[in-house]
Amino acid sequence: MLTLASKLKRDDGLRGSRTAASAADSTRRVSVRDKLLVKEVAELEANLPCTCKVHFPDPNKLHCFQLTVTPDEGYYQGGKFQFETEVPDAYNMVPPRVRCLTRMWHPNITETGEICLSLLREHSIDGTGWAPTRTLKDVVWGLNSLFTEDFRNKVDDYIKRYAR
């Protein structure tokens, strides 16, 4: 993570001293996504829920990371659930792509790891889908909320209402 931040600083320092080699430097430009991710990753790490851990396999690629959720309450207490997150080039106009790597039964997670969470949808019927004002912190807190005690109460209500 510090590697990309230092790269951004170095690139900013080179802007003033660019010469005819600017064509070669244009291939090294940092995307808007990467500039946003430097800020958002710092904010995410400062506000991470105690039940979540973020791991960046490659510190130079902030757009690919893994999230581990270890719930401390509810049905999934004591479990360890891995999520893979990929932030597309068009971020923050489109949501990150998140996939669950851990096989489990959850009403919001398919067998293939697709996650049904409104904030991960580009367009949502209820209007709570992705918006450019959302951040990675919202995504992590949303994934964490799938395993909270409040969720257990909703499942119990659902079972009482529809199970026969």
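The model shown is predicted, which means the values in this text are computed figures rather than measured ones.

Q: Please clarify how the overall build of the protein should be interpreted in this entry.
A: Across its full length, the protein holds five helices and four strands. In the protein, the order of α-helices and β-strands from amino to carboxyl end is α-α-α-β-β-β-β-α-α. In the protein, of all internal contacts separated by at least 6 residues, the share reaching a separation of at least 24 is 48%. Summing over all exposed atoms, the protein offers an accessible surface of approximately 10300 Å²; the carbon and sulfur share of this is 52%.

Q: Before we go on, may I ask you to explain the side chain of Asp 34 in this structure?
A: Position of Asp 34 relative to the elements: it lies in helix H3 (residues 32-46). Relative accessible area serves as the criterion here: at 15%, Asp 34 is assigned to the buried category. Looking at Asp 34, its side chain comes within polar contact range of the side chain of Arg 33, at 3.3 Å.

Q: What is the right way to read the environment of Tyr 75 from this model?
A: Looking at the element boundaries, Tyr 75 is found in the loop between strand E2 (64-69) and strand E3 (81-86). The class of Tyr 75 is partly exposed, set by a relative accessible area of 43%. Measuring from C-alpha to C-alpha, the distance between Tyr 75 and Phe 147 comes to 7.7 Å, with 72 residues separating the pair along the chain.

Q: So what exactly am I meant to see when it comes to helix H4 (residues 136-145) here?
A: Three or four residues apart is the spacing at which side chains of an α-helix point the same way, because the helix has 3.6 residues per turn. Listed in full, the buried residues belonging to H4 are Leu 136, Val 139, Val 140, Gly 142, Leu 143 and Asn 144. Residues of H4 that are buried make contact with H3, strand E1 (52-55), E2, E3 and strand E4 (97-100).

Q: What is the right way to read the UniProt feature "active site" (unreviewed entry) in the protein from this model?
A: Following the UniProt record, the feature "active site" (unreviewed entry) maps to Cys 116 here. Cys 116 sits in the partly exposed class, given a relative accessible area of 37%. Among residues more than four places away in sequence, those in contact with Cys 116 are Asn 108 and Arg 121.

Q: What is the right way to read the layout of surface pockets from this model?
A: Think of a ball as big as a water molecule: rolled over the atoms, this probe shows where empty space is left. Size it by volume and the second largest pocket reaches roughly 150 Å³. If you go around the second largest pocket, the residues you meet are Pro 88, Val 94, Pro 95, Pro 96, Arg 97, Val 98, Ile 115, Leu 120, Arg 121 and Glu 122. For the lining of the second largest pocket, the residue count by class is seven nonpolar, no polar and three charged.

Q: How should I be thinking about the packing of H3 against H4 in this particular structure?
A: Relative placement of two packed helices is described by the angle separating their axes and the distance separating the axes. Following both chains from N to C, one finds H3 and H4 inclined at 40°, their axes separated by 8 Å at the closest point. By the angle between their directions, the pair H3 and H4 is classed as oblique. Each of Leu 37, Glu 40, Val 41, Glu 43 and Leu 44 in H3 lies in contact with H4, whose residues at this interface are Leu 136, Lys 137 and Val 140. Classifying every residue of the contact of H3 with H4 by side-chain character gives five nonpolar, no polar and three charged.

Q: What should I look at first to understand the pattern of salt bridges in this one?
A: Working definition: two side chains of opposite charge can pair if their charged atoms are close together. Under the counting rule described, the total for this entry stands at five salt bridges. The partner of Lys 137 in a salt bridge is Glu 43, and the shortest N-O contact between them spans 3.3 Å. Of this pair, Lys 137 sits in helix H4 while Glu 43 sits in helix H3; the two residues are 94 residues apart in sequence, bridging distant segments of the chain. Residue class for Lys 137 comes out partly exposed when judged on its relative accessible area of 23%. Glu 86 is the salt-bridge partner of Arg 97, the closest N and O atoms lying 3.1 Å from each other.

Criteria and thresholds
- Here the residue numbering is sequential within each chain, running from 1 through the sequence in written order.
- Local features are withheld for residues below a pLDDT of 70 in this predicted model, meaning they are given only at 70 or higher, and side-chain atom pairs are given and counted only at 80 or more; totals for whole chains, interfaces and linings count all residues.
- Only hydrogens and water are set aside when side-chain values are computed; all heavy atoms of the structure are taken into account.
- Strands are runs of DSSP state E lasting at least 2 residues, helices are runs of H or I lasting at least 4, and numbering of each runs from the N terminus.
- Contacts between residues were defined by any pair of non-hydrogen atoms, one from each residue, lying within 4.5 Å.
- Note on areas: these come from Shrake-Rupley sampling with a 1.4 Å probe, and a residue is covered only by the protein chains present in the view.
- Relative accessibility under 20% of the residue-type maximum defines a buried residue, over 50% an exposed one, and the middle range a partly exposed one, all with a 1.4 Å probe and only protein chains included.
- By the criterion applied in these results, polar contacts are pairs of N or O atoms within 3.5 Å in which, for protein atoms, one can donate a hydrogen and the other can accept it, and in which residues neighboring in sequence qualify only through two side-chain atoms.
- UniProt positions are given in the numbering used here, feature names are shortened, and annotations may be inferred rather than shown by experiment.
- Grid points spaced at 1 Å and placed over the protein atoms alone form the basis of the search, with a cavity being a set where a 1.4 Å probe fits but cannot get out and a pocket an open set showing protein on both sides within 12 Å along at least five of seven lines. Lining residues have an atom within 4 Å of a point.
- Grid points are joined across faces, edges and corners, and a volume is the space filled by probe spheres set on the points.
- Charged means Asp, Glu, Lys or Arg here, nonpolar means Ala, Val, Leu, Ile, Met, Phe, Trp, Tyr, Cys or Pro, and polar covers whatever is left, Gly included.
- With axes taken as lines fitted to C-alpha atoms, and helix axes fitted only over the stretch in contact, angles between N-to-C directions fall between 0 and 180 degrees.
- Oblique is the label for any angle not covered by the other classes, which are roughly parallel (under 35 degrees), roughly antiparallel (over 145) and roughly perpendicular (65 to 115).
- The salt bridge definition used is simple: a Lys or Arg side-chain nitrogen within 4 Å of an Asp or Glu carboxyl oxygen.

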